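Below, each chain spelled out in residue letters.
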2 protein chains.
Amino acid sequence: MEYIKIPMDIEKRSFEIIGEELGEHSFNERELSIVKRVIHTTADFQYKDLLYIRENAIDEALKLLKSGITIYTDTKMALSGINKKALSNLNCNVECFVDREDVAQIAKERGITRSMAAVEKAVEEGVEFFVFGNAPTALYRLKELIEEGKANAKFIIGAPIGFVGAAESKEEAEKLPLPMITIRGRKGGSTVAAAIVNALMYLIVNRG
Amino acid sequence: MEYIKIPMDIEKRSFEIIGEELGEHSFNERELSIVKRVIHTTADFQYKDLLYIRENAIDEALKLLKSGITIYTDTKMALSGINKKALSNLNCNVECFVDREDVAQIAKERGITRSMAAVEKAVEEGVEFFVFGNAPTALYRLKELIEEGKANAKFIIGAPIGFVGAAESKEEAEKLPLPMITIRGRKGGSTVAAAIVNALMYLIVNRG
């Protein structure tokens, strides 16, 4: 059988097709690279209308990524989807706090969910770059901690997905005066969250 | 802030909402549990029309899962998304061959992609249950190996996603007279592939 076997050729051609089918838009070049990567990940052009990129968000995200940071993710799937070579080239790393023993312990002691305890732990350890692809409760908890003056969040990707609380959690998050990229409505998810992180990194470093 | 904080309550309510909004369909109860879980994972009702479940597919998948097998996945993200407790309750395990050292070696020696080498290795080791959430090339390669009489595949989840080769790879796979579940067209992905595996497992064991 004849089929394209080189992954980079497939990706290049995919982005060309997405460009051809995207239709009219008002994204600038950097924004467009994020939109296209999210569509590439989901094969869903609706994301063109769901993606919200706050004005200063890309600048702030790139500044943080260039400074070599720890990125919080709410799920192992989002963590898996983030390009580790690009991350390493930036001297950044990513952690999914929810799997840590100390987080499980806090959740148990305080009778809260592990995803909420994970946010608290990340905040306690000074994380500034937050990526949510699944858990509305975690995003709500971060908002509370920011409003209580306890969290030093400088950039948020808000992409919880689902039918209960996801859309609302993102609406609430957008009330924060912080640099952020969100997916409005019910859609989003860990692959989308990871795609946004990757698109941001590829604005600075090669895919690796 | 008031929000539902218990993950199982969120999931239960989500499935109710999906049921309410799904509209008319001709799925039986077991099929419906798969459809609903895929929509739960994507917040995308289009999957109702894209999901193809071959007549004997669920029976065969459950028979394999009950016999304690190794599941092949083409990506770490699909692997991450599969419920490890349910898997362990079934004495099954999951492996993403693409990250193995020997697979990287084969790919290098033979000048093929790692995803193709990974399928060959899985086939060589007698894997019977294949899950594709990303790589059309891997699904094509499995089809070739089956047609050459080299692969003992007994069940396939075909959910490669994307704009180049994904839809075609699934059309080709459907020509095989094997039990399979596919996502037609461009959509699919690792979260969808994992959701189908989980839905199948939950037909036998609790979420754990």
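Only a predicted model underlies this, so the values are computations on that prediction, with no experimental measurement involved.

K.L.:
Help me out: how do you make sense of the sheet that holds strand S2 (residues 70-73) of chain A in this one?
P.N.:
Strand-to-strand pairing in sheets goes through backbone hydrogen bonds, with the strands running parallel or antiparallel. Residues and elements named next belong to chain A. Taken together, six strands build an open sheet; the order of strands is S1-S6-S5-S4-S2-S3 and the sheet is mixed. The sheet is open, and its two edges are formed by strand S1 (51-53) and strand S3 (93-95), each paired on a single side. Averaged over all pairs of adjacent strands, the angle between their axes in this sheet comes to 15°, without regard to strand direction. With three bridges connecting them, S1 and strand S6 (residues 180-183) associate as antiparallel partners. Counterpart to Leu51 in the pairing with S6 is Ile183. Sheet strands in contact with helix H2 (residues 29-42) are S1 and S6, and its direction is about 155° off that of S1.

K.L.:
Got a minute to help me understand the packing of helix H2 (residues 29-42) of chain B against helix H4 (residues 57-66) of chain B in this structure?
P.N.:
Residues and elements named next belong to chain B. Two numbers describe how H2 lies on H4: the axes approach to 10 Å, and their chain directions differ by 80°. On the basis of their axis angle, the class for H2 and H4 is roughly perpendicular. Of the residues in H4, those in contact with Arg30, Glu31 and Ile34 of H2 are Ile58, Asp59 and Leu62. Residue composition of the contact of H2 with H4, grouped by class: three nonpolar, no polar and three charged.

K.L.:
Teacher, can you tell me more about the pairing of strand S2 (residues 70-73) of chain B here?
P.N.:
Taken residue by residue, a regular strand's side chains alternate between the two faces of the sheet. Of the pairings in the sheet, the one linking S2 of chain B to strand S3 (residues 93-95) of chain B comprises three bridges and is parallel in character. Its bridge partner being in S3 of chain B, Thr70 of chain B is matched across the sheet by Asn93 of chain B.

K.L.:
Whenever I open this one, the pattern of salt bridges confuses me. Can you help?
P.N.:
If charged atoms from side chains of opposite charge come close, those side chains can pair. Residue and element names in this part refer to chain B. If you walk through the whole model with that rule in mind, you get 48 salt bridges over all chains. Here Lys12 ties to Glu16 by a salt bridge, and the two come within 3.9 Å at their closest N and O atoms. Within this pair, Lys12 and its partner Glu16 are both found in helix H1 (residues 7-21), separated by four residues, close to a single helical turn. Given the relative accessible area of 58%, Lys12 is considered exposed. Ionic pairing is found between Arg13 and Glu16, a salt bridge with its closest N-O pair at 2.9 Å.

K.L.:
Please clarify how the UniProt feature "domain: Cobalamin biosynthesis precorrin-8X methylmutase CobH/CbiC" (unreviewed entry) in chain A should be interpreted in this entry.
P.N.:
UniProt's entry tags residues 9-203 of chain A with the feature "domain: Cobalamin biosynthesis precorrin-8X methylmutase CobH/CbiC" (unreviewed entry), counted in the numbering of this structure. Helix makes up 55% of residues 9-203 of chain A and strand 11%. Its end C-alpha atoms lie 19 Å apart.

K.L.:
What is the right way to read helix H10 (residues 166-174) of chain B from this model?
P.N.:
The periodicity of an α-helix, 3.6 residues per turn, causes residues three or four places apart in sequence to face the same way. Burial within H10 of chain B is extensive, with seven of its nine residues counted as buried. Of all the residues in H10 of chain B, the buried ones are Ala166, Ala167, Ser169, Lys170, Glu172, Ala173 and Glu174 of chain B.

K.L.:
Even after reading the chapter, I still don't get helix H7 (residues 101-110) of chain B, so can you show me in this structure?
P.N.:
Residue and element names in this part refer to chain B. Taken as a whole, H7 has its buried residues at Val103, Ile106 and Ala107. Down the axis of H7, the buried set is contained in an arc of 100°. They therefore lie on one face. Projecting away from the buried face of H7 at angles above 90 degrees are the exposed residues Glu101, Lys108 and Glu109. For H7, the elements touching its buried residues are helix H8 (114-124).

K.L.:
Just to check I follow, could you spell out the confidence of the model for chain A for this structure?
P.N.:
Any segment with low pLDDT has predicted coordinates that should not be analysed in fine detail. Mean pLDDT over chain A stands at 94; residues scoring 70 or higher make up 96%. Taken over the whole predicted complex, pTM reads 0.93, whereas the ipTM for its chain interfaces reads 0.90.

K.L.:
Help me understand the relation of the copies chain B and chain A, please; the structure alone is not making it clear to me.
P.N.:
The operation linking the two copies of the chain is a rotation about an axis combined with a translation along the axis. It takes a turn of 180° to lay chain B on chain A, together with a shift of 0.0 Å along the axis; the resulting RMSD is 0.0 Å. These values place the two chain copies in the arrangement generated by a two-fold rotation axis. Residue Met77 of chain B of chain B places its C-alpha closer to the rotation axis than any other residue of that unit, at 2.7 Å. The share of interface residues of chain B whose copies in chain A are also at the interface is 100%, consistent with both copies meeting through the same surface.

Reading the values: the criteria
- Numbering of residues starts from 1 in every chain and runs along the sequence as written.
- By the order in which they are written, chains take letters starting at A while ligands take numbers starting at 1.
- Residue-level local features of this predicted model are given only where pLDDT is at least 70; pairs of side-chain atoms are given and counted only at 80 or more, and the full residue set underlies all totals for whole chains, interfaces and linings.
- Neither water nor hydrogens contribute to the side-chain values; these are computed over all heavy atoms in the structure.
- In short, DSSP must find at least two bridges between two strands for them to pair.
- Starting at the N terminus, helices and strands are each numbered in turn, a helix being any DSSP run of H or I of at least four residues and a strand any DSSP run of E of at least two.
- Note on geometry: axes are C-alpha line fits, over the in-contact stretch for helices, and angles between N-to-C directions span 0 to 180 degrees.
- When checking whether two residues touch, look at their non-hydrogen atoms; a contact exists if any pair is within 4.5 Å.
- Orientation labels follow simple angle bins: below 35 degrees gives roughly parallel, above 145 gives roughly antiparallel, 65 to 115 gives roughly perpendicular, and whatever is left gives oblique.
- Each residue gets one label: Ala, Val, Leu, Ile, Met, Phe, Trp, Tyr, Cys and Pro are nonpolar, Asp, Glu, Lys and Arg are charged, and the others, such as Gly, are polar.
- Salt bridges are defined as contacts in which a side-chain nitrogen from Lys or Arg sits within 4 Å of a carboxyl oxygen from Asp or Glu.
- Here the term buried applies to any residue with accessible area under 20% of the maximum for its type, exposed to any over 50%, and partly exposed to those in between, with areas from a 1.4 Å probe on protein chains only.
- UniProt positions are given in the numbering used here, feature names are shortened, and annotations may be inferred rather than shown by experiment.
- To obtain the arc, one takes the directions from the helix axis to the C-beta atoms.
- As a per-residue quantity, pLDDT reports the predictor's confidence and falls between 0 and 100.
- Copies are brought into register by a least-squares superposition over C-alpha atoms of residues with pLDDT of at least 70 in both.

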